[in-house]
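Now for the letters of each chain:
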Amino acid sequence: MDQIHFHHALKVDLQKCFGCTHCLQVCPTEAIRIYKGKANIREGRCVDCGECMRSCPVNAFYIEQDDLNLIHNYRHRVVLFPSVMIGQFPIKITQEQIYNALLKIGFTHVYEVEQPIEILMEAREEYFADPSHSRPFISTYCPAVVRLIQVRYPSLVDHLVHIKVPQDLSAIYIKEKLLLQGAKEEEIGIFYITPCAAKIAAVKSPVGEKQSIVNGVINMKEAYNRIMTLIKQEGCKEELPGFFGRITREGMLWPLTNGEASLFKGRAFAIDGIQNVIQFLELIENEEAPDIDFLEMRSCDESCAGGILLSGNRFLTVQNLIKRATKFPSARTTKELNLIVDIEKIKQLLQTDKIKPRSMLILDTDRARAYEKMQKARTIMCHLPAIDCGSCGAPSCMALAEDMVQHKAKMSDCIFMQQLWQHEGKIHPEKAFHNVEKKWGQNRFKPNCNKKGAKNEGL
Amino acid sequence: MQIKFAIEGGDFATAGCASSQVKKLLKQLNIDPSDIKKIVVALYEAEVNIVAHAYRGTITVQIDPQKIIIVLDDEGPGIADINLAMQEGYSTATSKVREMGFGAGMGLSNIKKNSDELNIESIVGKGTKLTITKFFATS
């Protein structure tokens, strides 16, 4: 709870959103409410998993990103991208062409983020070997999972592996390398192409880090379109631009499910999909799970291949990437790599500060007051219909009851209660209608033939 | 505040339902996570005990700002020697139950370890009543 400012990458386009409630139902932290007919994201609760964006029928969610022109503020323009990006390009497009397209866009250095993976693997081995670290270790690779644990499973934060992730590794490594080669710090601009919203949020307000080393974030969908256009229109050379250097098979496969678990020496589990992750965290928290030493948990089904900013089918992306990865060598030891950078220094930079819980479930920090609120909410539940229809703008009747005791909602937000009160003559129909209009906007009751499924759809 | 759950003997598939629900409430009350963990472990153990040994039972959970009292009342074979049953490793579970990963004989001793007070009343051939009390650490 020490982090007051909390950055969010997911935003709602109020022009497009018409308050259909699809996102309400899928949000794993009940972070969305409808207000004046539009979805509102409660910042403290949102973990940027992107489930809302996936469920939206009108593409009203968007992900904020940095302007690509920002790169020209720097002399050395480094682009980092997760290797999973490669997997979405048709297999006949070579990696060389993709790299050359990125150079054409204006970057001077092109790197996959998962390198040199050996340094990260060794830093993690050292972390795992320390008996003071709580088992099972839970990977911090997926930032949505880290945030989910902070807000919903505060007792498990100590299990998070307090070591940074590939995107930090490559940024630190490249920066160190460029500095050694004579570049000035202010001349280096590091840009990260992201497969999802959570990673943008992680870059903009990192958990367990004071400041991110990355200077800007680029939406992978946009990068994909730019690269494809360049390759199709201008063709791109097949020669190696000379950056392949340090990527390995292990690094390439890291963003996929089992990418980390398969490397762990011991009992390891890989779980993908946010609902699966939630189910498993419940087991871990209740100590009902069998003995496990390492848990790889990713919010998206098929991990980053299912990232919301990827194009194409996630299963095909996985196959594509596995096929491409076979061309690359296996990871070695850092000694064998003959790197010019100081490996120990990089390992030190890969340590994160302590990750703290910030539970969003607490009704009140004062227990007596929390108890009072809980009793009140449970009494309110006696009256609510428990059908979780979302017409009140909250994801469930229970969520509405909890909002009410926090003075964020009223009993009259419930359309069932409104009907009952009209029937009992306790409220004038005009007033009831006005209440619903307040929640859903004034034009809500006007027919609209242009909406999806209606007579003049899309006109 | 009081919540009640009905438990069916032999229904391992749904065991753990009560502990998950109680856990959510305790989190909302800002109870210390280590207390929550102990309560959930004790409750889960006791819940599984009913599922494994009894025909049916009820769990009544009573929460106030200072403590939680969980009463597990079952109709079942009862416990002949409570002191023996409290010993770690002692178990009367059938091999079928053990195959499912339960019945290691840690149940009652584990419940005692994770609670402040444990009271057991049992009549052989009729049933068992467990009363588990845990006081919350002041926040």
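Residues numbered from 1 in each chain as written. Chains lettered and ligands numbered in written order. Predicted model: local features only at pLDDT ≥ 70, side-chain atom pairs only at ≥ 80, totals over all residues. Heavy atoms only, no water.

Focus: the overall build of chain A
Summing up its helical and strand segments, chain A has 17 helices and eleven strands in all. Taken over the C-alpha trace, chain A has a radius of gyration of 25 Å; the compact-globule value for 459 residues is 23 Å, and the two agree within 12%. Taken over the C-alpha atoms alone, chain A extends approximately 80 × 60 × 40 Å along its principal axes. Within chain A, counting contacts between residues at least 6 apart in sequence, those at least 24 apart form 78% of the total. Taken as two groups, the 59 positive and 55 negative side-chain charges of chain A have centres that lie 6 Å from each other. (Helix = DSSP H or I, 4+ residues; strand = E, 2+ residues; numbered from the N terminus. Rg over C-alpha atoms; globule rule 2.2 N^0.38 Å. Contact = heavy atoms within 4.5 Å. Lys, Arg positive; Asp, Glu negative; His and termini not counted. Charge placed at Lys NZ, Arg CZ, Asp CG, Glu CD.)

Some points on the interface of chain B and chain A
Facing 25 residues of chain B, the contacting portion of chain A comprises 22 residues. Buried area between chain B and chain A, both sides added, is near 2,200 Å², and the carbon and sulfur share of it is 54%. Contact with chain A buries area across many residues of chain B, yet Met1(B), Lys27(B) and Gln28(B) alone supply 30% of it, more than any other trio. Between the two partners, chain B and chain A, sit twelve residue pairs in polar contact (both at pLDDT 80 or more). Listed by contribution, the elements that provide at least two residues to the side of chain B that touches chain A are α1 (17-28) and α2 (33-53) of chain B. A per-element tally of the side of chain B that touches chain A places α1(B) first, with seven residues. Among the residues forming the side of chain B that touches chain A, the class breakdown is 13 nonpolar, seven polar and five charged. (Buried area = accessible area lost by both parts, 1.4 Å probe. Polar contact = N/O pair within 3.5 Å; in protein donor to acceptor, adjacent residues only side chain to side chain. Nonpolar A, V, L, I, M, F, W, Y, C, P; charged D, E, K, R; others polar.)

Thoughts on the confidence of the model for chain B
Averaged over all residues, the pLDDT of chain B equals 86, while 90% of them reach at least 70. Scoring the predicted complex yields pTM 0.89 and, for the interface, ipTM 0.83. (pLDDT = per-residue confidence, 0-100.)

Some details on unusual backbone geometry
Most of the time, phi is negative for any residue but glycine, and the peptide bond is trans. Residues and elements named next belong to chain A. The peptide bond linking Gln115 to Pro116 adopts the cis configuration, its omega dihedral lying at -15°. Mapped onto the fold, Pro116 is located in the loop between β6 (109-112) and α4 (117-129). Although it is not a glycine, Lys36 sits at a positive phi angle of roughly 50°. Its place among the elements puts Lys36 in the loop between β2 (32-35) and β3 (38-41). Among the residues examined, Lys36 registers a relative accessible area of 52% and is labelled exposed. Of note in the backbone geometry, Asn59 takes a positive phi value of approximately 55° without being a glycine. Counting through the fold element by element, Asn59 comes out in the loop between α2 (51-55) and β4 (61-63). (Buried < 20%, exposed > 50% of the residue type's maximum accessible area, 1.4 Å probe, protein only.)

Some remarks on the domain arrangement of chain A
All names here are of chain A. Domain parsing of chain A yields domain 1 (10-63), domain 2 (68-129 + 162-257 + 301-349) and domain 3 (367-440). Spacing between the C-alpha centres of domain 1 and domain 2 amounts to 29 Å. Opposite the seven residues of domain 1 that make contact, domain 2 presents nine residues. Roughly 620 Å² of surface becomes buried between domain 1 and domain 2 when both sides are summed, with 66% attributable to carbon and sulfur atoms. Ranking the residues of domain 1 by area buried against domain 2 places Asp48, Arg54 and Ile63 at the top, with a combined share of 80%. On the surface where domain 1 and domain 2 come into contact, there are zero salt bridges. One can count two residue pairs in polar contact (both at pLDDT 80 or more) joining domain 1 with domain 2. Residue composition of the side of domain 1 that touches domain 2, by class: four nonpolar, one polar and two charged. (Domains from an automatic or database assignment. Salt bridge = Lys/Arg side-chain N within 4 Å of Asp/Glu carboxyl O.)

Some points on the sheet that holds strand β5 (residues 76-81) of chain A
Residue and element names in this part refer to chain A. Here four strands make up an open sheet; going across it, the order is β6-β5-β8-β9 and the pairing parallel. Whereas interior strands pair on both sides, the edge strands pair on one side only; in this sheet they are β6 and β9 (216-219). Direction aside, neighbouring strands of the sheet carry axes that sit 25° apart on average. Relative to β6, β5 runs parallel, the two sharing four bridges. Along β6, the bridge assignment pairs Val78 with His109. Here helix α7 (residues 197-204) sits on the sheet and contacts β8 (188-194) and β9; the angle it forms with β8, its principal contact strand, is near 155°. Contacts between helix α8 (residues 220-234) and the sheet are confined to β8 and β9, with β9 contributing the most and set at about 65° to the helix. (Pairing = 2+ DSSP bridges. Axes fitted to C-alpha atoms, helices over the stretch in contact; angles between N-to-C directions.)

Examining the pattern of salt bridges
Considering all chains together, one arrives at 33 salt bridges over all chains under this definition. Note that Asp403(A) and Arg42(A) form a salt bridge whose closest N and O atoms lie 3.1 Å from each other. Here the residue Asp403(A) occupies a position in helix α15 (residues 397-405), and Arg42(A) occupies one in the loop between β3 and α2, the gap between them amounting to 361 residues. Asp403(A) sits in the buried class, given a relative accessible area of 6%. Through salt bridges that share partners, Arg152(A), Glu282(A), Glu285(A), Lys23(B) and Lys27(B) make up one connected network.

Quick word on the sheet that holds strand β1 (residues 2-8) of chain B
Residues and elements named next belong to chain B. Read from one edge of the open sheet, five strands run β1-β2-β3-β5-β4, paired in antiparallel fashion. Where the open sheet ends on each side, the last strands, each with one partner, are β1 and β4 (117-123). Strand after strand, the sheet turns through a mean of 10° between neighbouring axes, direction not considered. By the bridge criterion, nine bridges tie strand β3 (residues 67-75) to strand β5 (residues 127-135) in an arrangement that is antiparallel.

Thoughts on the pairing of β2(A)
Residue and element names in this part refer to chain A. Direction of pairing for β2 relative to β3: antiparallel, over a ladder of four bridges. Residue pairing across strands places Ile34 opposite Ala39, the latter belonging to β3. Hairpin connection between β2 and β3: a loop of two residues separates the two successive antiparallel strands, and Lys36 in this loop has a positive phi of roughly 50°.

Things to note about helix α10 (residues 274-285) of chain A
For α10(A), which comprises twelve residues, the first-to-last C-alpha distance of 16 Å matches the rise-based estimate of 16 Å (1.5 Å per residue) to within 8%. Along α10(A), the residues classified as buried are Ile274(A), Val277(A), Ile278(A), Phe280(A), Leu281(A), Glu282(A), Ile284(A) and Glu285(A). (Expected span 1.5 Å × (residues − 1).)

Considering a nonpolar patch on the surface
Residues and elements named next belong to chain A. Residues Ile387, Ile415 and Phe416 make up a contiguous nonpolar surface patch of roughly 250 Å² in combined accessible area. Mapped onto the elements, Phe416 comes out in helix α16 (residues 415-423). Phe416 sits in the partly exposed class, given a relative accessible area of 42%. (Patch = residues over 30% accessible without salt bridge, like charges linked within 9 Å, V, L, I, M, F, W, Y side chains within 5 Å. Areas by Shrake-Rupley, 256 points an atom, 1.4 Å probe, with all protein chains shown as cover.)

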